[in-house]
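Reading the structure
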Amino acid sequence: MPTLLVKNIRTLVTMDANRREIGHAALLIRDNIIEQVGTTLELPQTADEVLDLQGQHMVLPGLVNTHHHFYQTLTRAIPAAQNCDLFNWLQTLYPIWAKLTPESIYVSAQMAAAELILSGCTTASDHLYLYPNGSTLDDEIRAIQQIGLRFHASRGSMSLGQTQGGLPPDSIVEQEADILQDSQRLIEQYHDNARHAMLRITLAPCSPFSVSPDLMRESAALARSYPGIRLHTHLAENKSDVDYSLATFNMTPGDYVESVGWLGEDVWHAHCVQLDDRAIQAFGKTGTGVAHCPCSNMRLASGMAPIRKMLNHQVPVGLGVDGSASNDTSNLISEARTAFLMARVRELDATAMTAREALELATLGGAKVLGRDDIGSLAPGMAADFIAINLDRPEFAGALHDPIAAMIFCQVNTVDYSFINGRKVVDRGQLTTLELATLVEKHNHLAAQLIA
Ligand code: ZN
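This write-up is about the structure you can find in this document. If you're wondering where the values come from, they're calculated on a predicted model, not measured in any experiment.

Remarks on the coordination of the zinc ion
Surrounding the zinc ion are the protein donor atoms His67 (NE2), His69 (NE2), His234 (NE2) and Asp322 (OD), at 2.1 to 2.5 Å. One can describe the site at the zinc ion as irregular: its four donor atoms subtend angles covering 86 to 171° at the metal. If you list the donors of the zinc ion from N- to C-terminus, the spacing comes out as H-x1-H-x164-H-x87-D. Here the residue histidine 67 occupies a position in the loop between β6 (63–65) and α1 (86–97), and histidine 234 occupies one in strand β10 (residues 230–235), the gap between them amounting to 167 residues. For the pair shown, histidine 67 and histidine 234 are each scored as buried.

Here is the structure:
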């Protein structure tokens, strides 16, 4: 198996059990797995391939994105949805999304993944919950396998159309029996529960206002009949979402998910902006995770999630850029910075989150939320997912005494190198797995067709 030596790293952020930060560092990778971590002097001096970073770069574990809707890159900044809150925004966009095709799902997934990878993401979860015009989750899986991102593909679903009291139009919802059947097919066809897996399947009914309690229960039962299948949905995103829950189920969002069996270490919920204290305690006790999406929450005026409180109660928290129509970017480094700033504003406390805590949410936090102990840190036996950032750039000027904090305090947008599963996917700032200009052109053509 081929070896790769990355040497003369100026600062290596391991996120290991001791949170070691190593100067003059090196990494030895064998095939797709990290074999040794230490100083350049301690490690072997050569390997099949050597990347000499010449003391200019910081190296970190690849970042983990825990919530996204890749297809929404096609509908960013749509004028009619620019100034809407959650429900109005959804109702404005549903008819446009009803025109998605297998090709637009494929191309938009690659566009979102490209932006994620260039901003340091090496593992992402995506939540696809509508399948118009013959689209399937397979379209997205093929796209992501080509670009080389480690992927948790969520089989999302909507079954409750407007005539049944749900929010989406009837034309884009599915029958529950079909949803469950397709979920089972996808699990059996694609789910890899092995360590260092590149592809796992999640079951993800879209939200309490677009599926029935029955589908929530049956999805959980199906997921739990296989090893390693996780559950994901949107929860308590804003006040209207809480009002819907109270009016429809006579329960708070926290009580509702408990009633359908959606608490546990195999579950994570997106947003949780309006989660009450009782639910936060229940999430902490049961190990139920949260995907924190601060940019989207500000963009849709949903509010500020009580992340400090969740962390104090041992709730697993990861970051999510959320769909590209409500952020409207897929920049994960920027999301970490926003999470850091938002925590301080929400608590009116400058100690509410440190820069290193924000980086931890973006790495180890995301890994935990996705149920993984093989990514999120750089240590022997972990997957070879890491990024390198050249510090000789304007963003770090004047901050070289603490580049790790500077990664969050200063606005950094792109990485210089990214390796995923030992494969170099970014080389000197350029994607290696597909041609970006062609992708952007194809993507823009499809986006124009959608809104025509
Ligand atoms: Zn979402």
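Once the structure has been displayed, the description carries forward.
Let's talk about the pairing of strand β8 (residues 150–157)
Counted residue by residue, β8 has eight buried out of eight residues, so it is predominantly covered. Of the two faces of β8, both are covered, the one formed by Arg150, His152, Ser154 and Gly156 as well as the one formed by Phe151, Ala153, Arg155 and Ser157. Strand direction decides the pairing type here: strand β7 (residues 121–128) and β8, joined by six bridges, are parallel. Paired with aspartate 126 across the bridge in β8 is alanine 153. In this fold, β7 hands off to helix α3 (residues 137–147), which returns the chain to β8; that crossover is right-handed. Direction of pairing for β8 relative to strand β9 (residues 199–205): parallel, over a ladder of seven bridges. Each residue of the ladder has a partner; that of phenylalanine 151, found in β9, is leucine 199. In this fold, the crossover linking β8 to β9 by way of helix α4 (residues 176–190) has right-handed handedness.

A look at the nonpolar core
Trp89, Trp97, Leu149 and Ile201 are the most contacted members of the largest nonpolar core, which has 127 residues in total. Broken down by element, the residue count for this core peaks at eleven residues, all from helix α2 (residues 102–118). Non-local contacts of tryptophan 89, meaning those with residues more than four positions away in its chain, are made with Gln72, Ala81, Cys84, Trp97, Arg299, Leu300, Ala325 and Ser326. Residues Leu12, Ile29, Ile34 and Leu53 belong to the second largest nonpolar core, which totals 21 residues.

With respect to the environment of valine 6
Position of valine 6 relative to the elements: it lies in strand β1 (residues 3–13). Assessed through its relative accessible area of 1%, valine 6 is described here as buried. Filtering out sequence-adjacent residues up to four positions away, valine 6 remains in contact with Ala25, Ala26, Leu27, Ile29, Leu51, Leu53 and Phe386.

Remarks on the side chain of aspartate 138
Of note, aspartate 138 is situated in helix α3. Only 2.8 Å separates the side chain of aspartate 138 from the side chain of arginine 185, close enough to count as a polar contact. At a separation of 2.7 Å, a polar atom in the side chain of aspartate 138 contacts the side chain of tyrosine 190. Apart from residues no more than four positions distant in its own chain, aspartate 138 is found in contact with Arg185, Leu186, Gln189 and Tyr190.

What to know about α4
For an α-helix, the turn length of 3.6 residues means that residues three or four places apart are oriented alike. Counted at 1.5 Å a residue, the expected span for α4 with its 15 residues is 21 Å, and the 21 Å between its end C-alpha atoms agrees. Among the residues making up α4, those that are buried are Ile179, Leu180, Asp182, Ser183, Leu186, Ile187 and Tyr190. An end-on view of α4 places all buried positions within 165° of arc, on one side of the element. Turned more than 90 degrees from where α4 packs its buried face, Ala177, Gln181 and Glu188 sit exposed.

About the thresholds
Residues numbered from 1 in each chain as written. Predicted model: local features only at pLDDT ≥ 70, side-chain atom pairs only at ≥ 80, totals over all residues. Heavy atoms only, no water. Donors = N, O, S within 2.8 Å, 3.2 Å for Na, K, Ca; no water. Tetrahedral: all angles 85-135°; square planar, octahedral: opposite > 155°, others 65-115°. Helix = DSSP H or I, 4+ residues; strand = E, 2+ residues; numbered from the N terminus. Buried < 20%, exposed > 50% of the residue type's maximum accessible area, 1.4 Å probe, protein only. Pairing = 2+ DSSP bridges. Right-handed = clockwise from strand over helix to strand, strands pointing away. Core = buried A, V, L, I, M, F, W, Y, C linked by side-chain atoms within 4.5 Å. Contact = heavy atoms within 4.5 Å. Polar contact = N/O pair within 3.5 Å; in protein donor to acceptor, adjacent residues only side chain to side chain. Expected span 1.5 Å × (residues − 1). Arc of directions from axis to C-beta.

Nothing here speaks to function; it is geometry throughout.
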